[in-house]
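In case you want the letters, here they are:
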Amino acid sequence: MSEHILISLFTSTKNNKLYIFCTKLIHNICYKIKSLLICKSRYKPNHKLTLILCESKFLLKCNLVLQKELGLTEDKGKFMIGIVSRLTDQKGFDLVAYVMDQICAEDVQLVVLGTGDEKYENMFRHYEWKYNDRVSANIYYSEDMSHKVYAACDAFLMPSLFEPCGLSQLMSLRYGTVPIVRETGGLKDTVEPYNEYESTGTGFSFANYNAHEMLGIINYAKSVYYNHKREWNKIV
């Protein structure tokens, strides 16, 4: 493969910030990449943005770029969980609230993007204040930032009470970001639970609407990420 990797990014003039972000990522790509996966954004029909993903997300230091932008501890090996969602009961945030301290362990970073019920907005703001080196509460919606969260995070948390279809888990799968979901509706239909005995699956899931069951599967995913990296890469 040539020493120089040529990548074309098609962006509109309205996406200068995202263009700069992608340019920074490209500078961090290793020279020898076996293949590139090109995913086109489908958020807007007229949005001519081509997102570049490589065979292994570790070749792209996208998490370092996002950590720096959000003021988190810069550590490319840190397990980063992303949430892009409406902050409502239906999306399962009452479960998250119940075990938030346990989720925000020292070996985890949590990046939240979205708006919704005031109680959840304030909850995430509080935990950003409490754990400002590992929690980032972005209480607004930005399409550009949503792409960054999907691209940079290792896992995507979606513990919905009910979810007739669900698009966020599909976006996370396209970005190589492992979904952690509750087994309901479209989430159950689209995310195959990881099976450690057969080395199969596309994500992690829990069945009952229970905060500690959710926490258990988050910790299980974290354990696979840190202790069985080869298995984690198979999921990705």
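Each remark here, short or long, concerns the structure printed above.
Residues numbered from 1 in each chain as written. Predicted model: local features only at pLDDT ≥ 70, side-chain atom pairs only at ≥ 80, totals over all residues. Heavy atoms only, no water.

This part takes up the packing of helix H2 (residues 62–70) against helix H6 (residues 143–152). When two helices pack together, their arrangement is captured by the angle between the axes and the distance separating the axes. At a closest axis distance of 8 Å, the pairing of H2 and H6 adopts a crossing angle of 130°. The orientation of H2 relative to H6 falls into the category oblique. As for how H2 packs across H6, the hand of that crossing is left-handed. Residue-level contacts link Cys62, Asn63, Leu66, Glu69 and Leu70 of H2 to Met145, Lys148, Val149, Ala151 and Ala152 of H6. Residue composition of the contact of H2 with H6, by class: seven nonpolar, one polar and two charged. (Axes fitted to C-alpha atoms, helices over the stretch in contact; angles between N-to-C directions. Helix = DSSP H or I, 4+ residues; strand = E, 2+ residues; numbered from the N terminus. Parallel < 35°, antiparallel > 145°, perpendicular 65-115°, else oblique. Left-handed = near helix turned anticlockwise from the far one by under 90°. Contact = heavy atoms within 4.5 Å. Nonpolar A, V, L, I, M, F, W, Y, C, P; charged D, E, K, R; others polar.)

Turning our eyes to something else, we now look at the environment of serine 172. Looking at the secondary structure, you find serine 172 in helix H7 (residues 168–174). A C-alpha to C-alpha distance of 9.1 Å links serine 172 and cysteine 153, two positions 19 residues apart in sequence. Excluding its chain neighbours within four sequence positions, the residues that come into contact with serine 172 are Tyr150, Phe156, Thr177 and Pro179.

What follows is about unusual backbone geometry. A positive phi angle, close to 55°, is found at serine 199, a residue other than glycine. Turning to its location among the elements, serine 199 is positioned in the loop between helix H8 (185–190) and strand S8 (204–206).

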